[in-house]
Amino acid sequence: MLPHKSREWIESRVLFDDPNFYVRTEFEKGKGVVALGGHFGSWELVAARLGIYKYPLVAVVKAQRDAFMTRFIMETRGKWGNEYIFRDRGIKEECYRQLDQGKILGLMADQNATHGVFVNFFGKPASTATGPAEIAMKRGLPVIPSFPARNPDNTVTMYAIEPIIMRDTGNFEADLAFNLQKCSDAVEAFARLHPDEYFWWHRRWKSQKKTGEKDKNSP
């Protein structure tokens, strides 16, 4: 419906819950912000509101199988001033470039990753994209989880959760798994609070660990 909605309509429908100014505090440092999103509720509506709010949001997305649908979605998203980059080769370098410009980098890591790291999600090993933790670690930034949920009056609130400080012991592989687990825990915690908001139409545990494979975040 977004192509047919006005700026005023979107502004009236989306609220922000960030009483400690987590996003603003990191944004004003000028080093960019790594935001962890998830497939909760009306995330497209929230993204449109962020664009209207003039936060320079750049989200990493996946192209649809149908070219017409991809074009429609991207034109709709771009209408409100947000930027989007497709997952492809060299994507991490592009993410770093966007952070260098002080932008908010929106990443999701709550779907099955073909080449991910296994961390626990609802008590089961789930292959998880490393992007949010890896990029934040290499830039010395925290990860700010931010998830939306619908309210009884049909508005949507975007909740900024306490930033996840990246552990750095000098063992990059172990730290990556540890930090990625923290990101997964943040998604799970919000899903437990708002299970009716979580978009479960995907096989989160599709990839299976090989027999005898050890968790990378195990001691």
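For the structure itself, consult the block above.
Since the structure is predicted, the reported quantities are computational estimates derived from the model, not experimental observations. (Residues numbered from 1 in each chain as written. Predicted model: local features only at pLDDT ≥ 70, side-chain atom pairs only at ≥ 80, totals over all residues. Heavy atoms only, no water.)

S.K.: Lay out the sheet that holds strand 5 (residues 104–108) in plain terms, naming residues and giving numbers.
M.R.: Pairing is mixed in the open sheet, where 7 strands are placed in the order 1-9-8-2-5-3-4. The open sheet has two edge strands, strand 1 (14–17) and strand 4 (83–86), and neither has a second partner. Strand-to-strand twist in this sheet, taken as the mean axis angle between neighbours without regard to direction, amounts to 25°. Bridge analysis of strand 3 (residues 57–61) against strand 5 gives 3 bridges, and the strand direction is parallel. Each residue of the ladder has a partner; that of Val58, found in strand 5, is Leu105. Contacting strand 1, strand 3, strand 4, strand 5, strand 8 (143–150) and strand 9 (156–160), helix 3 (residues 43–52) runs over the sheet at an angle of about 80° to strand 1. The strands touched by helix 5 (residues 91–100) are strand 2 (33–37), strand 3, strand 4 and strand 5; relative to strand 4, the strand with the most contacts, the crossing angle is about 160°. (Pairing = 2+ DSSP bridges. Helix = DSSP H or I, 4+ residues; strand = E, 2+ residues; numbered from the N terminus. Axes fitted to C-alpha atoms, helices over the stretch in contact; angles between N-to-C directions. Contact = heavy atoms within 4.5 Å.)

S.K.: An account of helix 5 is requested, with residue identities and associated values reported.
M.R.: Considered for burial, the residues of helix 5 that qualify are Ile91, Cys95, Tyr96, Gln98 and Leu99. Looking straight down helix 5, one finds that the buried residues subtend no more than 160° of arc, so they occupy a single side. In helix 5, the exposed positions that point more than 90 degrees away from the buried face belong to Glu93 and Asp100. The secondary structure elements touched by the buried residues of helix 5 are strand 2, strand 3, strand 4, strand 5 and helix 6 (131–139). Of the residues flanking the end of helix 5, it is Gly102, one or two places downstream, whose phi is positive at about 80°. (Buried < 20%, exposed > 50% of the residue type's maximum accessible area, 1.4 Å probe, protein only. Arc of directions from axis to C-beta.)

S.K.: Account for the pattern of salt bridges, with residues named and values stated.
M.R.: Applying the stated criterion to the full structure yields 9 salt bridges. With a shortest N-O distance of 2.7 Å, Arg97 and Glu94 are connected by a salt bridge. Placement of both Arg97 and Glu94 in helix 5 is noted, with a separation of 3 residues, approximately one turn of the helix. Residue Arg97 is classed as partly exposed on the basis of its relative accessible area of 42%. One salt bridge connects Asp175 with Arg167, and the closest N-O pair in it is separated by 2.8 Å. When its relative accessible area of 1% is taken as the criterion, Asp175 is described as buried. Via salt bridges that share partners, Lys92, Glu134 and Lys138 belong to a single interconnected network. (Salt bridge = Lys/Arg side-chain N within 4 Å of Asp/Glu carboxyl O.)

S.K.: For the state of the cysteines, give the residues involved together with the corresponding values.
M.R.: Summed over the entire model, instances satisfying the criterion amount to 0 disulfides. Its sulfur unpaired, Cys183 is 14 Å from the next cysteine sulfur, which belongs to Cys95. (Disulfide = S-S within 2.5 Å.)

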